[in-house]
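# Summary of structural features
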Amino acid sequence: ALLRLHRHPGALFMNRPNSLEHFWMPFSANRDFKQDPRLIVSAEGMYYTSEDGRQIMDATAGLWCVNAGHRDPRITAALLRQIDSLDYAPSFNFSHPAAFELSARIAAQFPEPMNRVFYTNSGSESVDSALKIALAYHAARKDGTRTRLIGRERGYHGAGFGGISVGGIVRNRMKFGTLLTGVDHLRHTHDLARNAFSRGTPEHGAELADDLERLVALHDASTIAAVIVEPMAGSAGVLLPPKGYLQRLRAICDKYGILLIFDEVITAFGRLGTATAAEYFGVTPDIICCAKGLTSGVIPMGAVVVRDEIYETITGTSETPIELFHGYTYSAHPMATAAALGALDAYEQDDMYGNVSAVALPWEEMLHGLRDCPNVIDIRNLGLVGAIELAPRDGAPGARGTEAMRRAWDLGAMIRVTGDIIALSPPLIIQPDQIAELGELLRQVLSSLR
Ligand code: PLP
């Protein structure tokens, strides 16, 4: 190791040679990054500061998570208070008061009767937990043949084995064996031929929900436990639900006794201007997965929120004192709980969800104003989410997207790309002048791509 240190003196870290070599970065082009690193050293509000001292607008709220903006003083203060009193407490048969307070605050924001909160440490764990809770619920009802799980093509549900099994992104699945058995997938809803350049939710495609009827005909409803979808698919490139699609999916689930799980890891806590996408679309699922915005990304934490009946059935019928053999060492970690309470305070005190609704129109206008830029084949928007889909360069899918990400960083914005789709999701505190600033920067980026 020492020899390697001398052979690869990292130019960036004269006093810490070779320090770029050891971190195996997740979902990253490691080799490219290490040639040309993009390092962030501090952040405040809407902006990061890069290692070379530049201000970089955070047009993605980190990874769709820093909803309150960076270093919100209420979250910082809550964390400082917490570390001074209680660093850790387990929640297996013990717990701490703030965990119960937070649960009540979450329940108050989520649609009735979704009042029971199970804690995890990430979106992926929330998905695994939700799938297990769905199976445990049917087992508790003595309906244990319902074990089949239905996801959707192009869905992203995190990186755990449960999540990649119900997920529908081929590269996330293809090298990892047979995955969970007994899983099937609905067709995705992305249809550029019918819906390109829609503003808000697209008009066409509600009938795609009937794909669940096809799977019921194939497998029989008595074998199906749950359907999991993102109400608005983010990570696969911002795929919006056609008008009426989620309502129709809910109706078919009801008809056959199938649980409906919304993966709201991106949408919960204000992304669409409401606490949940369930509220935004007026469709109440049985289980909601969340994470990210729960703590505004400051400390890892996720949660699964379920209808009263699910909790009551599983706990009420249990033959053992412990009703659900599932949980994590860090479920309801006091530091995460403090960060979440601080984030919920910030959202409420500054009406940050309200700001999303207030800026949704300038946001939509800015995005659709880029329609005349070269290579743009679609623009999508909903709440404070946006996507610009670019035509792939001949023979090099994804190359144009990567170039856009690099160019934006050089010009002063962090954007996220999935293949050739640019995804945008700034902190909920963004103001109209910052939207305009981002629009100008994006125009420069798009105009400069090969
Ligand atoms: N589910 C959805 C819808 C997501 O967007 C993500 C992350 O982007 C996850 C699950 C996984 O969350 P995490 O990366 O915290 O495990």
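Criteria and cut-off values
Residues numbered from 1 in each chain as written. Predicted model: local features only at pLDDT ≥ 70, side-chain atom pairs only at ≥ 80, totals over all residues. UniProt positions renumbered as here; feature names shortened; annotations may be inferred. Helix = DSSP H or I, 4+ residues; strand = E, 2+ residues; numbered from the N terminus. Rg over C-alpha atoms; globule rule 2.2 N^0.38 Å. Buried ≥ 20, exposed ≤ 12 C-beta atoms within 10 Å, placed from the backbone. Near = placed C-beta within 6 Å. Nonpolar A, V, L, I, M, F, W, Y, C, P; charged D, E, K, R; others polar. Pairing = 2+ DSSP bridges. Axes fitted to C-alpha atoms, helices over the stretch in contact; angles between N-to-C directions. Contact = placed C-beta atoms within 7 Å. Domains from an automatic or database assignment. Core = buried A, V, L, I, M, F, W, Y, C linked by C-beta atoms within 7 Å. pLDDT = per-residue confidence, 0-100. Parallel < 35°, antiparallel > 145°, perpendicular 65-115°, else oblique. Left-handed = near helix turned anticlockwise from the far one by under 90°.

The name an unreviewed UniProt entry assigns to the chain is Beta alanine-pyruvate transaminase, from the organism Sagittula stellata. Quoted verbatim from the Sequence similarities (unreviewed entry) field of UniProt, the annotation for the chain is "Belongs to the class-III pyridoxal-phosphate-dependent aminotransferase family." Entered under Cofactor (unreviewed entry) in the UniProt record, the comment concerning the chain runs "pyridoxal 5'-phosphate".

### Re the overall build of the chain
Scanning the chain from terminus to terminus reveals 17 helices and 15 strands. Radius of gyration (C-alpha) of the chain: 22 Å, near the 22 Å computed for a compact globule of 450 residues. C-alpha extents for the chain along the principal axes are approximately 60 × 55 × 50 Å. Each of the 450 residues in the chain was classed as buried or not, and the buried ones make up 47%.

### A few points about the site of the ligand
Taken together, 14 residues lie near the ligand, and Ser122, Gly123, Ser124, Gly158 and Val265 sit nearest. The element that contributes the greatest number of residues to the shell around the ligand is helix H6 (residues 123-140), accounting for 3 residues. Taken together, the residues that form the shell around the ligand break down as 5 nonpolar, 7 polar and 2 charged.

### A word on the sheet that holds strand S15 (residues 421-424)
With antiparallel pairing, the 4 strands of this open sheet are ordered in space as S11-S12-S15-S14. Every other strand in the sheet has two partners, leaving strand S11 (376-382) and strand S14 (416-418) as the edge strands with one partner each. Across the sheet, the mean angle separating the axes of adjacent strands is 20 degrees when strand polarity is ignored. Two strands pair when backbone bridges link them, and S14 and S15 are joined in this way by 3 bridges, in the antiparallel orientation. Bridging from a neighbouring strand, threonine 418 pairs with isoleucine 421 of S15. Contacts between helix H16 (residues 399-411) and the sheet are confined to strand S12 (385-390), S14 and S15, with S14 contributing the most and set at about 175 degrees to the helix.

### A few points about the domain arrangement of the chain
The domains assigned to the chain are domain 1 (23-71 + 351-448) and domain 2 (76-349). Look at where the C-alpha atoms of domain 1 and domain 2 centre, and you get two points 26 Å apart. Facing the 31 residues of domain 1 at the interface are 30 residues of domain 2. Within the residue set of the side of domain 1 that touches domain 2, elements represented by two or more residues are helix H3 (61-64), helix H15 (352-368), S11, S12 and S15. The element best represented in the side of domain 1 that touches domain 2 is H15, accounting for 7 residues. Among the residues making up the side of domain 1 that touches domain 2, the classes are represented as 17 nonpolar, 9 polar and 5 charged.

### Observations concerning the nonpolar core
One finds Val227, Ile261 and Ala339 to be the most contacted residues of the largest nonpolar core, which totals 126 residues. No other element matches the 9 residues that helix H14 (residues 334-349) contributes to this core. Residues lining this core come from more than one domain, with at least three contributed by each of domain 1 (23-71 + 351-448) and domain 2 (76-349). Excluding residues that lie within four positions of it along the chain, isoleucine 261 makes contacts with Ala130, Ala134, Ala226, Val227, Ile228, Pro285, Asp286, Ile287 and Cys289.

### A look at the environment of glycine 205
Its location among the elements puts glycine 205 in the loop between helix H9 (192-195) and helix H10 (211-219). Under the C-beta neighbour-count criterion, glycine 205 is labelled buried, with 21 such atoms within 10 Å. In this structure, the C-alpha to C-alpha distance between glycine 205 and aspartate 372, residues 167 residues apart in sequence, is 26 Å. Apart from residues lying up to four places away in sequence, glycine 205 is in contact with Thr189, Asp191, Arg194, Asn195, Pro242 and Tyr245.

### Considerations on the confidence of the model for the chain
In this model, the chain carries an average pLDDT of 95, and 96% of its residues clear a pLDDT of 70 or more. This stretch, residues 1-11, has a pLDDT under 50; its non-local contacts, to residues over four places away or in other chains, come to 11 contacts. Two numbers describe this predicted complex: its pTM, 0.96, and its ipTM, 0.99.

### A few points about the packing of helix H4 (residues 73-83) against H14
For the pair H4 and H14, interaxial distance at closest approach is 8 Å and the crossing angle is 150 degrees. Between H4 and H14, the crossing angle belongs to the class labelled roughly antiparallel. Remark: the crossing between H4 and H14 carries right-handed chirality. Here Arg74, Ile75, Ala77, Ala78, Leu79, Arg81, Gln82 and Ile83 of H4 come into contact with H14, specifically with Pro334, Met335, Ala338, Ala339, Leu341, Gly342, Ala343, Asp345 and Ala346. In terms of residue class, the contact of H4 with H14 is built from 12 nonpolar, 2 polar and 3 charged.

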